[in-house]
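# Structure at a glance
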Amino acid sequence: DIAPCPKAPVPAQLIELMALRKLHLRQEATGDPSKRCFRDDLVESAAASSGLWLLLRSKEYLKPDAKDFTGLRWGDITFKDAARNELQPHEVTPEGVHAATYSLISTKNSFGRCTRTLAANAENTACPVRLVAQLYQLLYKQTRRKPDPAQPVFQYADGTVMRRDRMSLLLREFIKACKLDSRLFASHSLRRGGCVVYHANNIPLETIKRMGRWESDAVLLYIHDTDSDKTQLMADCFKKLPKFELH
């Protein structure tokens, strides 16, 4: 799947900055729940991190601008402990989850699905596994039962699903704050950014291709060559972030 228009890759550090910034805003609003919506901030941080590290297409987890939602739902995610056993709903916490397996759309088999697993990393604020587990835990505490398997994962408190244009706007706001040209970024920049990080850390091209579910060599269009300084920066970032496992 070739990107509809060239977009710059989102740096992984930007996603960590986004998560830290939203955490700071929530802490500032302590005691005044009306100022911030904890769930909505968590939805946006978890969605951005998941898009980057799972190499997701926008339609796989965000609502298209003018179409029905067909993406990631709670029934598509299985949380696991250190031994890779499935956790019960009450056991799902950011600290207790060691990995998450995602069931994603695939055209390569008769089931129309494939699975990808990300291992959690406790050292990073933007770990997608821990952020999604935190969102799950929040919903479980509110209802005392596990989230509806058919419910979209990245759903705001008002019941709406995070849209692709909202993700693009969110990324551009942070990019602009970093004094970069925000016109070069959109929601698809997350998928491109994930490719760049994995490539910079010498992950084999075929592994990246399989992880991102590419059926052709179009993956080459997503990978930007980086100079030695940028490669080292990406490598340092990669050490703190989740690793994927293929099934």
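Fair warning: this is a prediction, and the values are worked out from it, not measured in the lab.

### Regarding the overall build of the chain
Helices and strands together make up the secondary structure of the chain, namely seven helices and four strands. For the chain, the succession of helices and strands along the chain, N to C, is α-α-β-β-β-α-α-α-α-α-β. Buried residues in the chain amount to 52% of all 247 residues. Taking all contacts inside the chain whose residues are at least 6 apart in sequence as the whole, residues at least 24 apart take part in 68%. Carbon and sulfur atoms provide 52% of the accessible area of the chain, an area that totals close to 12000 Å².

### Structural notes on the side chain of S182
Along the chain, S182 turns up in the loop between α4 (164-177) and α5 (189-200). Apart from the residues within four sequence positions on either side, S182 is in contact with R172, I175 and K176.

### What to know about the environment of N124
Take N124: it is sitting in the loop between β3 (113-119) and α3 (128-143). Assessed through its relative accessible area of 3%, N124 is described here as buried. C-alpha of N124 to C-alpha of L20: the two residues are 104 residues apart in sequence and 9.9 Å apart in space. A distance of 3.4 Å separates the side chain of N124 from the side chain of E16, its partner in a polar contact.

### Topic: the environment of A186
Inspection of the secondary structure puts A186 in the loop between α4 and α5. Taking the C-alpha atoms as reference, A186 lies 9.1 Å from P9; in sequence the two are 177 residues apart. If near-sequence neighbours (up to four positions away) are discounted, A186 is found in contact with K7, S168, L171 and R172.

### With respect to the packing of helix α2 (residues 38-53) against α4
Relative to each other, α2 and α4 sit at 90°, their axes nearing to 11 Å. In terms of orientation, α2 lies roughly perpendicular with respect to α4. Across the interface between the two elements, E44, A47 and A48 of α2 pack against R166, M167 and L170 of α4. Split into classes, the residues belonging to the contact of α2 with α4 amount to four nonpolar, no polar and two charged.

### Brief notes about the pattern of salt bridges
Considering all chains together, one arrives at seven salt bridges under this definition. With its nearest N and O atoms 3.0 Å apart, the salt bridge here joins R57 to E60. Residue classification places R57 among the buried positions, given a relative accessible area of 16%. Residue E60 is classed as buried on the basis of its relative accessible area, which comes to 6%. When salt bridges that share partners are traced, they join R57, E60 and R213 into one network.

### Details of unusual backbone geometry
Within the chain, R144 stands out as a residue other than glycine whose phi angle is a positive 65°. Locating R144 in the fold gives a position in the loop between α3 and α4. Positive phi, close to 65°, is recorded for R213, a residue that is not glycine. Tracing the backbone through its elements, the reader meets R213 in the loop between α6 (205-211) and α7 (228-238). Residue class for R213 comes out buried when judged on its relative accessible area of 6%.

### Looking at the nonpolar core
Residues F79, Y102 and F154 are the most contacted members of the largest nonpolar core, which totals 62 residues. In contact with F79, other than residues within four places in its own chain, are W74, N85, E86, L87, V92, V97, A99, A100, V129, V132, A133 and Y136.

Thresholds applied
- Each chain carries its own residue numbering, running from 1 in the direction its sequence is written.
- Totals for whole chains, interfaces and linings use all residues, but because this is a predicted model, local features are given only for residues with pLDDT of at least 70 and pairs of side-chain atoms are given and counted only at 80 or more.
- Hydrogens are left out, water is left out, and the side-chain values use all remaining heavy atoms of the structure.
- Runs of H or I in DSSP of at least four residues are treated as helices and runs of E of at least two as strands, each being numbered from the N terminus.
- Any residue under 20% of the maximum accessible area for its type is buried, any over 50% is exposed, and the rest in between are partly exposed; the area is computed with a 1.4 Å probe on protein chains only.
- Between two residues, a contact is recorded if the distance between any of their heavy atoms is within 4.5 Å.
- Per-residue accessibility takes into account occlusion by the displayed protein chains alone, with areas from the Shrake-Rupley method and a 1.4 Å probe.
- By the criterion applied in these results, polar contacts are pairs of N or O atoms within 3.5 Å in which, for protein atoms, one can donate a hydrogen and the other can accept it, and in which residues neighboring in sequence qualify only through two side-chain atoms.
- As a rule, the C-alpha atoms of each element are fitted with a line to give its axis, helices using only the stretch in contact, and angles between N-to-C directions run from 0 to 180 degrees.
- Roughly parallel refers to an angle under 35 degrees, roughly antiparallel to one over 145, roughly perpendicular to one between 65 and 115, and oblique to any angle outside these ranges.
- Each residue is assigned to one of three groups, with Ala, Val, Leu, Ile, Met, Phe, Trp, Tyr, Cys and Pro labelled nonpolar, Asp, Glu, Lys and Arg labelled charged, and all others, Gly among them, labelled polar.
- Whenever Lys or Arg places a side-chain nitrogen within 4 Å of a carboxyl oxygen from Asp or Glu, that contact is recorded as a salt bridge.
- By convention a nonpolar core is built from buried Ala, Val, Leu, Ile, Met, Phe, Trp, Tyr and Cys residues, the set being connected through side-chain atoms within 4.5 Å.

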